[in-house]
Each structure stands twice: as structure tokens, then as C-alpha cells.
Amino acid sequence: MDSPPTPAGNDGESGFTLVELMFVTFLFVLLATLSTSLFSGSIGFMRQDVASRNLMDLLNWTRERAIIERTDYAVHVLPQDHSYWLMRRDSATGSEFVRLAGKWGVPHHWPHGIEMKGEETSIFFHADGSSEPTELQFVQGEQTQTIIVEPFLVRGDNHAAS
């Protein structure tokens with residue numbers, strides 16, 4: 001049986017040349033590098049987003065508790081420790097705030113590498129649900145997420161630094 005004819009200069013061997021294989025490998029490495037840098041930026045933004053949403057959820061929950069229980073609550077924020085926790089006005093003294101027992105009084109932490117900017121260290125919610133206007137910012141690189149506490153509203157805003 002005769003074998004099929006081969007193109008001139010191929011000597012009957014098929015496959016890719018070393019240059020072709022190196023080019024394809026280079027393209028794979030280039031795509032992997034680009035996607036890794038984009039992916040790591042997305043992971044950082046997601047960590048920042050989760051941290052700000054967790055704090056916003058606690059602030060909203062705290063406002064609801066203050067209204068339901070008709071007592072003052074506060075969320076204490078320590079930016080240098082990357083932590084915050086919930087406090088309630090002590091019913092015995094009526095003037096001091098004490099840390100709650102259980103999971104709400106335990107310090108909650110946001111990831112290192114995300115900085116907190118803001119002037120207030122405690123956000124107070126009164127029995128009627130009102131609070132003093134406060135603005136807290138989570139900053140990571142050029143991304144900033146702002147938590148705005150208004151007298152009867154807690155909301156968030158995302159933007160890139162200019």
C-alpha cells in the first residue's frame with residue numbers, strides 16, 4: 001500500500017515547530033498574567049464591598065433594635081484596630097454604654113489593607129431611630145466606599161478616587 005503524498009520539504013513528519021509552540025506558550029502566559037491582575041483587583045474590591053456592607057447591615061440592625069427596644073444603641077468603630085462592635089445604653093445607670101454580650105458585642109474586623117476614614121468613633125442611635133449625621137469611608141487603593149448615616153437613614157456609595 002502506498003502512503004499519501006507529503007508536501008515538499010516536510011519529509012513525511014507532521015507537528016508544530018518550536019517557534020510555533022513558543023509563540024502559543026507566550027500567548028497563554030500573557031493572557032494568564034492579564035487575567036490574574038484583573039482578578040486580584042476584583043477580589044480586593046469584593047473584600048472592601050463585603051466589609052462596608054457588613055458594617056452597613058449592623059448599623060441598620062442597630063437602628064431597628066433601638067426602635068424596637070426603645071433604648072439607645074451605639075456602634076463603636078476603632079479604625080486603627082480594623083474593628084467595630086455594638087453597645088447599648090446601660091439600663092441600670094442610664095448614662096453609660098456597655099458592650100453587648102454574645103456575638104454582637106464581640107469585635108468584628110474588616111480585612112487589613114482596607115483603611116477606614118471618618119471622624120466619629122461611635123455612631124449613636126436613639127430610641128426613636130434617629131442618629132447624628134456621620135460619614136465613614138473604606139479606602140483601598142483608588143476605590144472608596146462611603147457609608148453615610150443620616151438622621152433616619154443608612155446608605156452606601158461606591159466610587160473611584162480622582
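Use the structure listed above.
Residues numbered from 1 in each chain as written. Predicted model: local features only at pLDDT ≥ 70, side-chain atom pairs only at ≥ 80, totals over all residues. Heavy atoms only, no water.

A look at the overall build of the chain
The helix and strand inventory of the chain stands at one helix and nine strands. Listing the helices and strands of the chain from first to last along the sequence gives α-β-β-β-β-β-β-β-β-β. In the chain, buried positions account for 30% of the 162 residues. (Helix = DSSP H or I, 4+ residues; strand = E, 2+ residues; numbered from the N terminus. Buried < 20%, exposed > 50% of the residue type's maximum accessible area, 1.4 Å probe, protein only.)

Quick word on the packing of aromatic side chains
Inspection of the entire model under this criterion finds four aromatic pairs. Plain terms: the ring middles of Trp 61 and Trp 104 are 4.5 Å apart, the flat faces sit at 15 degrees to each other, and that makes the pair stacked. One end of the pair, Trp 61, is in helix H1 (residues 18-69); the other, Trp 104, is in the loop between strand E3 (97-99) and strand E4 (108-109), with 43 residues separating them in the sequence. An aromatic cluster is present here, built from Tyr 84, Trp 110 and Phe 138 joined pairwise through their rings. Cation over ring: Arg 99 sits above Trp 85, and NZ or CZ is 4.0 Å from the ring centre. (Phe/Tyr/Trp six-rings, centres within 6.5 Å; stacked < 30°, edge-to-face > 60°. Lys NZ or Arg CZ within 6 Å of the ring centre and 35° of its normal.)

Quick look at the nonpolar core
One finds Leu 55, Leu 59, Val 75, Val 77, Trp 110, Phe 138 and Ile 147 to be the most contacted residues of the largest nonpolar core, which totals 22 residues. If you list the elements that add at least two residues to this core, you get H1, strand E1 (73-78), strand E2 (83-89), strand E6 (122-125), strand E7 (134-140) and strand E8 (143-150). Residue contributions to this core peak at six residues, all from H1. In this view, Val 77 contacts Ser 83, Tyr 84, Trp 110, Met 116, Thr 121, Ile 123 and Leu 136; residues no more than four positions away in its chain are not counted. (Core = buried A, V, L, I, M, F, W, Y, C linked by side-chain atoms within 4.5 Å. Contact = heavy atoms within 4.5 Å.)

Examining the environment of Leu 153
Its place among the elements puts Leu 153 in strand E9 (residues 153-160). Note on Leu 153: relative accessible area 41%, which makes it partly exposed. Once the C-alpha coordinates of Leu 153 and Asn 60 are considered, the two residues, 93 residues apart in sequence, prove to be 8.1 Å apart. Not counting chain neighbours up to four residues away, the residues in contact with Leu 153 comprise Arg 63 and Ile 148.

Some details on unusual backbone geometry
Phi at Arg 70 is positive, roughly 55 degrees, even though this residue is not glycine. Positionally, Arg 70 belongs in the loop between H1 and E1. Although it is not a glycine, His 82 adopts a positive phi angle of roughly 55 degrees. Within the secondary structure, His 82 is located in the loop between E1 and E2. Taking relative accessible area as the criterion, His 82 reaches 6% and is therefore assigned buried.

Examining the pattern of salt bridges
Taken as a whole and assessed by the stated rule, the structure comprises four salt bridges. Measuring nitrogen to oxygen at the nearest pair gives 3.0 Å for the salt bridge that ties Arg 53 to Asp 49. With Arg 53 and Asp 49 both in helix H1, this residue pair falls four residues apart, about one helical turn. The exposure class assigned to Asp 49 is buried, which follows from its relative accessible area of 17%. (Salt bridge = Lys/Arg side-chain N within 4 Å of Asp/Glu carboxyl O.)

Structural notes on the pairing of E8
A large share of E8 lies buried, amounting to six of its eight residues. Counted along the chain from E7 to the antiparallel partner E8, the turn is two residues long, and its residue Gly 141 has a positive phi close to 65 degrees. (Pairing = 2+ DSSP bridges.)

Examining the side chain of Thr 134
In this structure, Thr 134 sits in strand E7. Among the residues examined, Thr 134 registers a relative accessible area of 9% and is labelled buried. A polar side-chain atom of Thr 134 sits 3.2 Å from the main-chain carbonyl oxygen of Glu 132. (Polar contact = N/O pair within 3.5 Å; in protein donor to acceptor, adjacent residues only side chain to side chain.)

Topic: a nonpolar patch on the surface
Nonpolar side chains collect at one region of the surface, where Phe 23, Val 24, Phe 26, Leu 27, Phe 28, Leu 30 and Leu 34 lie side by side and expose about 690 Å² of accessible area between them. With respect to the helices and strands, Phe 26 occurs in helix H1. (Patch = residues over 30% accessible without salt bridge, like charges linked within 9 Å, V, L, I, M, F, W, Y side chains within 5 Å. Areas by Shrake-Rupley, 256 points an atom, 1.4 Å probe, with all protein chains shown as cover.)

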